[in-house]
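# Results of the structural survey
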Amino acid sequence: RSMKRILTTLLIFCFVLCLLPVSAFAATGTYDLDELGMSIELPSDHVVFTRGIKANDPNLSAYGLTKDGLSSLMQERSIYLNAWDEDINYEIIITMMDSPLADYNLLSDTTLAAVVSSFETEYAGAGITFIRSDIYQHSQAKFAKIYISQPNNGETAYGLQYNTVYNDKAINITMQSYSGKIDSNKESILKKIVDTVHFDTDPQLNPPPTQTEAYIHGPNQRNDLY
């Protein structure tokens with residue numbers, strides 16, 4: 001399977017995404033994504049590119065890529081990190097764009113579920129099937145986990161996206177599988193990666209409701225009972 005074919009499929013996924021049990025890692029590398037205000041760790045046996053690509057990076061020639069070509073792809077598709085495992089069973093793509101929403105932490109789970117369900121139309125317009133979604137509470141951010149699939153050269157390509165809005169930025173951390181469905185092994189790999197995310201700023205949270213005297217004592221309570 002050529003790298004060109006993989007990147008072609010990646011382009012389709014990223015277009016839509018921009019609109020929208022394994023052992024512990026033996027070793028990881030930390031990547032600071034300053035424009036996203038976050039850092040993330042990936043296993044050290046992964047090929048990883050960020051926007052700070054060096055022209056002499058040996059992985060460029062190893063995969064038939066060039067600095068200018070990959071940089072252009074990242075700019076055009078709002079990609080800030082692109083990585084894959086050594087066997088290219090899957091790819092990890094991180095994208096970001098500005099969002100009209102401030103932070104998913106400010107939304108109730110019910111409201112967030114309604115927001116995410118509205119993405120289905122955008123996916124369908126690009127020939128991608130929105131399978132289902134869940135909500136995942138990270139230590140700082142609230143993520144929507146979105147399962148998707150699409151036709152790919154007579155087969156079906158599957159994806160799992162962790163989507164959040166944090167500090168006015170829509171951020172997607174997506175696994176695209178080239179070796180069948182997103183099984184429990186792949187899910188665990190992606191979850192471990194997402195759990196390493198650290199945002200530079202504290203999350204935006206709704207203030208707790210004001211506790212009035214009636215709220216504290218109850219509607220029919222007598223104060224002399226306390």
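Refer to the structure above for everything that follows.
Treat the numbers as computed from the prediction; the structure is a model and nothing was measured. (Residues numbered from 1 in each chain as written. Predicted model: local features only at pLDDT ≥ 70, side-chain atom pairs only at ≥ 80, totals over all residues. Heavy atoms only, no water.)

## Things to note about the pattern of salt bridges
Scanning the model with the defined rule gives 4 salt bridges in all. With a shortest N-O distance of 2.9 Å, aspartate 109 and lysine 142 are connected by a salt bridge. Highlighted residues: aspartate 109 in helix 4 (residues 109–117) and lysine 142 in strand 7 (residues 142–152), separated in sequence by 33 residues. On the basis of relative accessibility, which here comes to 43%, the residue aspartate 109 falls in the partly exposed class. Under the relative-accessibility criterion, lysine 142 is labelled buried at 7%. A salt bridge links arginine 132 to aspartate 134; the nearest nitrogen and oxygen atoms lie 2.8 Å apart. Given the relative accessible area of 39%, arginine 132 is considered partly exposed. (Salt bridge = Lys/Arg side-chain N within 4 Å of Asp/Glu carboxyl O. Helix = DSSP H or I, 4+ residues; strand = E, 2+ residues; numbered from the N terminus. Buried < 20%, exposed > 50% of the residue type's maximum accessible area, 1.4 Å probe, protein only.)

## So, the nonpolar core
Formed by 31 residues in total, the largest nonpolar core has its most connected members in Ile40, Ile92 and Ile173. Elements with a contribution of two residues or more to this core: strand 2 (38–43), strand 4 (79–84), strand 5 (90–98), strand 7, strand 8 (155–166), strand 9 (169–177) and helix 6 (184–195). Residues in contact with isoleucine 173, not counting those within four places in the same chain, are Ile40, Ile92, Ile93, Ile94, Phe143, Leu160, Gln161, Tyr162, Leu190, Val194 and Val197. (Core = buried A, V, L, I, M, F, W, Y, C linked by side-chain atoms within 4.5 Å. Contact = heavy atoms within 4.5 Å.)

## Examining the sheet that holds strand 5
Sheet architecture is open: 7 strands sit in the order 3-4-5-9-8-7-6, paired in antiparallel fashion. Each end of this open sheet is capped by a strand with a single partner; those strands are strand 3 (47–50) and strand 6 (129–137). Direction aside, the axes of adjacent strands within the sheet are offset by 15° on average. Note: strand 6 against strand 7, 8 bridges, orientation antiparallel. When the bridges of strand 7 are listed, glutamine 137 appears paired with lysine 142. Each of strand 3 and strand 4 is contacted by helix 3 (residues 67–76), which is oriented at about 120° to strand 4, the strand it contacts most. Lying over the sheet, helix 4 contacts strand 6 and strand 7, oriented at roughly 155° with respect to strand 6. (Pairing = 2+ DSSP bridges. Axes fitted to C-alpha atoms, helices over the stretch in contact; angles between N-to-C directions.)

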